[in-house]
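# Descriptive analysis of the structure
Residues per chain are reported as follows:
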Protein chains: 2
Amino acid sequence: MSTRRATIADVAREAGVSPSTASVVFSGKTPVSDATRKRVLAAASALGYTGPDPRAASLRLGRSGIVGVVFEEHLGTAFLDPVKTLMMDGLADAVAPIGAGLLLLRDRDSWSKDGAAPSLTTAPLDAAVLIGCSGLLRESLDVVRARGIPVVVVEGDAGEGIPRIELDNREAQRQAASHLRMLGHTRVATVTLSPRAGAARGWLTPDDENDITIEVTRDRLAGVRDVYPDAPAFAAAGSFIDEGLAAGRELFADPSARPTAVIAQSDLLAAGVIRAAEEAGLRIPEDVSVTGFDGIVVDGLAPYELTTLVQPATDKGRAAGAAVAAMIRGELAASIRFTCEFREGNTTGPAPGG
Amino acid sequence: MSTRRATIADVAREAGVSPSTASVVFSGKTPVSDATRKRVLAAASALGYTGPDPRAASLRLGRSGIVGVVFEEHLGTAFLDPVKTLMMDGLADAVAPIGAGLLLLRDRDSWSKDGAAPSLTTAPLDAAVLIGCSGLLRESLDVVRARGIPVVVVEGDAGEGIPRIELDNREAQRQAASHLRMLGHTRVATVTLSPRAGAARGWLTPDDENDITIEVTRDRLAGVRDVYPDAPAFAAAGSFIDEGLAAGRELFADPSARPTAVIAQSDLLAAGVIRAAEEAGLRIPEDVSVTGFDGIVVDGLAPYELTTLVQPATDKGRAAGAAVAAMIRGELAASIRFTCEFREGNTTGPAPGG
DNA sequence: TTGTAGGCGTTATCAC
DNA sequence: GTGATAACGCCTACAA
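Here's a quick rundown of the structure. (Residues numbered from 1 in each chain as written. Chains lettered and ligands numbered in written order. Predicted model: local features only at pLDDT ≥ 70, side-chain atom pairs only at ≥ 80, totals over all residues.)

## Overview of the relation of the copies chain A and chain B
Structural alignment of chain A on chain B gives an RMSD of 0.1 Å, achieved by rotating through 180° and translating 0.1 Å along the axis. Here the transformation between the copies is reduced to the relation of a two-fold axis. Among all residues of chain A, the one whose C-alpha sits closest to the rotation axis is leucine 103 of chain A, at a distance of 2.1 Å. Interface overlap between copies is the fraction of interface residues in one copy that are interface residues in the other; for chain A against chain B it reaches 100%, indicating a shared surface. (Least-squares fit on C-alpha atoms with pLDDT ≥ 70 in both. Contact = placed C-beta atoms within 7 Å.)

The following block contains the structure:
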């Protein structure tokens, strides 16, 4: 049957009231007599009316209840990262009270020429959260701002007047380095996250270091440099255990130049480095100390407990959500800088022979 | 400045054309003279008009370009599972061509009484994809159907006339079991996924087995039972390496009753079982064979390559997306049953002493 | 190729 | 407590 779905007008007619009254029964904005309400509800269920059409409501109200979350990678890749995953949780929590849901948007191919792409340009968004730090971010930002949509940036360079949610990456990483120095380590190496989008795995030359476009990587490395200006740095191609493993193999390849401590820029990388150390017959922490970053639970790493910097990933998401919620209400939101907490585990110890 | 945003009417006026002409310039549905187009575009950029308001367009067109994806857990938990993550990727791919994006929806607390929840009831959805297998699914299903929204169910019991995307879980798992039998194993144990929402870890009694509400768990167990009717079964509380580790410890606790092969219902569980075996000083596959399920890349499991059933996770997502797309176009979509592929790795071998 | 007119389904406002 | 009215911003027959 191609009989069109019932509208609130149909319900009103059936119930013998005006459309506005019927509307009010559903929105609850204005008191309605019990008798009327009952009649309207009865009519609604008789006609199979399940509530106002969200599309029409959103046009009328000027709000869709949808917050866009923009990733710069394939969704699958994004969610491989436990930190992002936790952030999403916080974000979902924080926007729930304002009745909003999260719309997943990909950065790349937002400009596919056939215009079919579901994108920042065409989605009915109340606000947007941009995650990451690439150059594409800039572009996305322009689109959103042109549309006049409130936007918050997490871990990226936002520019004038856009609330950011960030971390004290440099200071935090410096703590880990200081910890190692206090333990007497002098031969220290660091394993960094990707220095720039699409970069391959490999040693970082000083020149490379001046050319790091990903903020997180740059800041954490700076924290290491504050304490160990000359520590060799090896860049991984992503935050995975297997990347850490590959990096660790490089680090431990030459027994004579072997570091006694490794500062990894993420817990997953650290887990890989630990595996590489085991492979090389090194004991943790007797022969090699390893620190991570993030404070996530690395599935399968037991019995080790990483010495790491615990970042408030969920809170970051929640803050982003709260900022977005505030902006939707017309208030202005401030940038927030979160602090990591140093947590000592059993993967760091005194420098051997120290 | 509270000056209202420019509309297409403003642009038309500014360009000295009619609204419909301006509209056509943006939609491209009808040829427009170059001169006119240029004038309209100029007017648009002069007024800061960035294109049709998606809210209004969606009311008019009856489509919002949004597909809801309903999870029954916290988003963070959902994305911890690589299989779900891959599915999301496939889903995103498949709905992109119809210009749709994915709206994340949580099943729980969709009924919070303050009506603020962003939910199946209030989101402007063109279609919905339900994932999982809980009782809540039933409820969600009713909501969606009442709204007359096309819906597809992945790995769950849908009921009359709703397209499902499923796997040949039982047959596939039976293959793994047969493989082990062919290798001469007789003392076999299995580690299952959660038998029911919220269940704790522990041995499954025959009674328990009759009371498994989660379909995947039940079907895969049935596959084992087809070959090993009496193999002891231990239920994990989720698909994590650490759960597999805990299960493995139970399995290997008593040296006299130790199995020579373990059939795990997921790769992550299998990885944990392998760790437990290593802990117990057992060699893989010389002392113990282990099989997994899913065929994902387990980060950090190298050098082992699991003997496992490879499920087409991305394709599942793509199929769900395609089904949804078809239904949106008004066609009807059929249920699809995917087949897993048995892949032999280096974690299974002949029964010791066999 | 361009313009005119009507309506998509709702809800805020303001009278009654 | 209830009802009439007027947008919200856009799209698409259809007519010119």
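There's plenty left to go through after this.
## Some remarks on the packing of helix H11 (residues 241–253) of chain A against helix H12 (residues 267–279) of chain A
Describing two packed helices takes the angle between their axes plus the distance from one axis to the other. Residues and elements named next belong to chain A. H12 packs onto H11 with a crossing angle of 45° between their chain directions and a minimal axis gap of 6 Å. The orientation of H11 relative to H12 falls into the category oblique. Relative to H12, H11 is oriented so that their crossing is right-handed. Side by side, H11 and H12 meet where Ile241, Asp242, Glu243, Gly244, Leu245, Ala247, Gly248, Arg249 and Phe252 of the first sit next to Leu268, Leu269, Ala270, Ala271, Gly272, Val273, Arg275, Ala276 and Ala277 of the second. The residue inventory of the contact of H11 with H12, partitioned by class, reads eleven nonpolar, three polar and four charged. (Axes fitted to C-alpha atoms, helices over the stretch in contact; angles between N-to-C directions. Helix = DSSP H or I, 4+ residues; strand = E, 2+ residues; numbered from the N terminus. Parallel < 35°, antiparallel > 145°, perpendicular 65-115°, else oblique. Left-handed = near helix turned anticlockwise from the far one by under 90°. Nonpolar A, V, L, I, M, F, W, Y, C, P; charged D, E, K, R; others polar.)

## Let's talk about the sheet that holds strand E1 (residues 66–71) of chain B
In spatial order, the strands read E12(A)-E5(A)-E4(A)-E3(A)-E1(A)-E2(A)-E2(B)-E1(B)-E3(B)-E4(B)-E5(B)-E12(B); together these twelve strands make up an open sheet with mixed pairing. What marks the edges here is a single partner per strand, and that holds for strand E12 (336–338) of chain A together with strand E12 (336–338) of chain B. Here the strands of the sheet are splayed against their neighbours by 20° on average, with no regard to which way each runs. Bridge analysis of strand E5 (residues 164–167) of chain A against E12 of chain A gives three bridges, and the strand direction is parallel. Looking at E12 of chain A, one finds that glutamate 166 of chain A is bridged to arginine 337 of chain A. (Pairing = 2+ DSSP bridges.)

## Side note on the sheet that holds strand E7 (residues 202–203) of chain A
All names here are of chain A. In spatial order, the strands read E7-E8-E6-E9-E10; together these five strands make up an open sheet with mixed pairing. In the strand order of this sheet, the two ends are held by E7 and strand E10 (289–291), each with one partner. In the sheet, strand E6 (residues 188–192) pairs with strand E9 (residues 261–264) via four bridges, with the strands oriented parallel. Across the sheet, the residue bridging to alanine 189 is valine 262, located in E9. Sitting on the sheet, helix H10 (residues 215–227) touches E6, strand E8 (233–235) and E9, and the angle it makes with E6 is about 170°.

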